[in-house]
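The chain contents come next:
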Amino acid sequence: MSEAITSVLIASASAVAKVFVIGAIGYVSASRPKETPILPSSAMNSISKMNFNLLIIPLVYSALATALGSLWIVLVSGIGVIILSYAVATVLGLLPIFRVNDKTDFDALRVAAAFPNIVALPILIFPTLCEFPVVYNAFYEEGGIDDGGASDAEKYKSCADQSNAMIFVYFFAWNLLYWILGYPTLVAAGKRKLESKNIQSTALAATDETHNSIDSTILQTEEESECKVGNEGGNRKKQSNNTLTSFSEENDIERSSTEENETAEAQMKPRRCKSLIQLFTHAVIQTLKSPGFIAMVLGVITACIPPLRDALFSPGGPLRFVGSALESLGRAGASVGTLVVAASLVHQADAKSDTSAQQGAATEVGALNVSIPNNNEASNNERGVDSLRESMRRRRSSISQLSIRAMNAIKRKPTLRMHFWFCFSRLIVTPACCVMLIVAGDCGGILDEVPGLAKLVLIVNSCLPGAQLIVLTLKSRGLSDSASVVAQVYLPSYLLSVVTIAGWTSLGIIISTPNEDGLSFCSR
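Report follows, based on the coordinates. Computed from a predicted structure; not experimentally measured.

**Points about the packing of helix α16 (residues 452-462) against helix α18 (residues 480-512)**
As a packed pair, α16 and α18 sit with axes 9 Å apart at the nearest point and diverge in direction by 160°. Of the possible angle classes, the one that applies to α16 and α18 is roughly antiparallel. When the axes of α16 and α18 are compared, the crossing they make is right-handed. Residues G452, K455, L456, I459 and V460 of α16 touch α18, and the partners they reach there are W504, T505, G508, I509 and S512. Classifying every residue of the contact of α16 with α18 gives 5 nonpolar, 4 polar and 1 charged.

**So, helix α9 (residues 291-303)**
The end-to-end C-alpha distance of α9, which contains 13 residues, comes to 18 Å, matching closely the 18 Å that a straight helix rising 1.5 Å per residue would cover. For α9, the set of buried residues is G292, F293, A295, M296, G299, T302 and A303.

**Considerations on the state of the cysteines**
Counted under the stated rule, the structure contains 1 disulfide. Across the disulfide from C130 sits C159; the S-S distance is 2.0 Å. Where C130 bonds to C159 through sulfur, the torsion about that S-S bond is close to -60°, and the disulfide is left-handed. Residue C130 is located in the loop between α5 (122-129) and α6 (133-142), and its partner C159 is located in helix α7 (residues 152-219); the two are separated by 29 residues in the primary sequence.

**Description of unusual backbone geometry**
Between R32 and P33 the backbone carries a cis peptide bond, its omega angle lying at -10°. Within the secondary structure, P33 sits in the loop between α1 (2-29) and α2 (44-66).

**Notes on the packing of aromatic side chains**
Taken as a whole and assessed by the stated rule, the structure comprises 14 aromatic pairs. With centroids separated by 6.3 Å and ring planes inclined at 45°, the aromatic side chains of Y61 and F313 adopt a geometry described as tilted. Within this pair, whereas Y61 is found in helix α2, its partner F313 is found in helix α10 (residues 306-313), the two being separated by 252 residues in sequence. Since its relative accessible area comes to 14%, Y61 is described here as buried. On the basis of an interplanar angle of 40° and a centroid distance of 5.5 Å, the ring pair of F98 and F420 is categorised as tilted. With F98 in the loop between α3 (72-94) and α4 (103-114) and F420 in helix α15 (residues 416-443), the pair connects residues that are 322 residues apart, well separated along the chain.

**Some points on the nonpolar core**
Membership of the largest hydrophobic core comes to 100 residues, with the highest contact counts inside it found for F115, I470 and Y490. Excluding residues that lie within four positions of it along the chain, F115 makes contacts with I82, W174, L177, Y178, G182, G466, A467 and I470. L39, L55, V340 and V346 belong to the second largest nonpolar core, which has 8 residues in total.

**Side note on the pattern of salt bridges**
One pass over the full model with this rule turns up 6 salt bridges. The residue R320 makes a salt bridge to E327 at a minimum N-O spacing of 3.0 Å. With a relative accessible area of 23%, R320 lands in the partly exposed category. One salt-bridge network, held together by shared partners, links K103, D107 and R110.

Analysis parameters
- Residues numbered from 1 in each chain as written.
- Predicted model: local features only at pLDDT ≥ 70, side-chain atom pairs only at ≥ 80, totals over all residues.
- Heavy atoms only, no water.
- Axes fitted to C-alpha atoms, helices over the stretch in contact; angles between N-to-C directions.
- Helix = DSSP H or I, 4+ residues; strand = E, 2+ residues; numbered from the N terminus.
- Parallel < 35°, antiparallel > 145°, perpendicular 65-115°, else oblique.
- Left-handed = near helix turned anticlockwise from the far one by under 90°.
- Contact = heavy atoms within 4.5 Å.
- Nonpolar A, V, L, I, M, F, W, Y, C, P; charged D, E, K, R; others polar.
- Expected span 1.5 Å × (residues − 1).
- Buried < 20%, exposed > 50% of the residue type's maximum accessible area, 1.4 Å probe, protein only.
- Disulfide = S-S within 2.5 Å.
- Phe/Tyr/Trp six-rings, centres within 6.5 Å; stacked < 30°, edge-to-face > 60°.
- Core = buried A, V, L, I, M, F, W, Y, C linked by side-chain atoms within 4.5 Å.
- Salt bridge = Lys/Arg side-chain N within 4 Å of Asp/Glu carboxyl O.

Encoded structure:
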């Protein structure tokens, strides 16, 4: 037993170490050479698109075409694990110890906690796991196809192909829920942010106008001010009477508008139901239109036609050159994807220090310095007075805007509480809940017919760090500040996941691997 546990620990550590060695190469390539990095930020989108369309899609097709089995349980369980992740992050985020004050950051981080990086990392981890006898022997024999004459290479290929097929079926569940739950949440956050910015701009404009009128009053001569005192007193009385009249009219308008709002709210209920149906329909359409789903369908069709499958993927088949080309492209996809993820972490972390907000702040400081006029010229003529008024207005406006941006920068910087909440919910609590549910189902006999490899896929996918797509979506919705927060939270979570993935993978292998008698974890 101790030898088996040692083998499991070695297999898990080796698989995770391989991933992060490739990630370290991508991380360094994004920052060195300093002047012209090997992986510059301008190339990330193009490389990522090329990787998915030309490398990952062939891997999806070849994996499903050669290893189609009872994958429905992975699809259903994948939906459950994603919903569990979202619920865990939400519940923990509402606790006082983890509470995030900014609603936009809270929504962005809990979506990031619910949708992990389930393609680039797992398709590197599982083939490495399958290289170890303790893994490929257990999962090959589990399928009931070992007649004693299978070679180690055949067992390895069977284990790797089955795990890849399960990963991509899980990705289908991920994609479907992202369009139903994740993307609408980020879009709603973007709308709230835009409305908040509009309100803030309106308030700033009103403040500037007030300051401008105060400046005009201060710069008037004492003699002109005294002449206007009597006239302004009479005007104020008239204005106060008019204000009382308008106030009563506004109360009447508010009552009528309240009644109209209640009527409109009653009419909105069927519209909400309709919008939910439209949201679900949109999510299904987006999923069906995605290249990954099309590749999955073609892979399933190929697997259901044995002559076509053998022609493409069996040694000596007439179309083997096509299948071999697809497999070669697919093998490169995981490594390129990991390089892109690591490089993106560098560029997103650096973006917070040299963004346009800093350039804007520097410009405003420069304007503040050059806009101070010569006071001697201002006192000599009316033109100088106008220049002084304008300079004071600009100075107050610049100070206000600079202060707001500085406060926003401080507010958007992730706190230690954010880091702890995200890592604790994503890397610890969610996989712990997943493991407990699998053990409970296994001990209760509910999961007797579920392949052990499927259980391992679910456990590993539940403990992975967040997906980079969340950051890209936030940027596309105008939430650059929140995107920077999520990117900064990602960096330590990816580093910490070196330990947590290895630990949960080891536990997952122990739980999901049947013993020599074919008994499950609870029957040992």
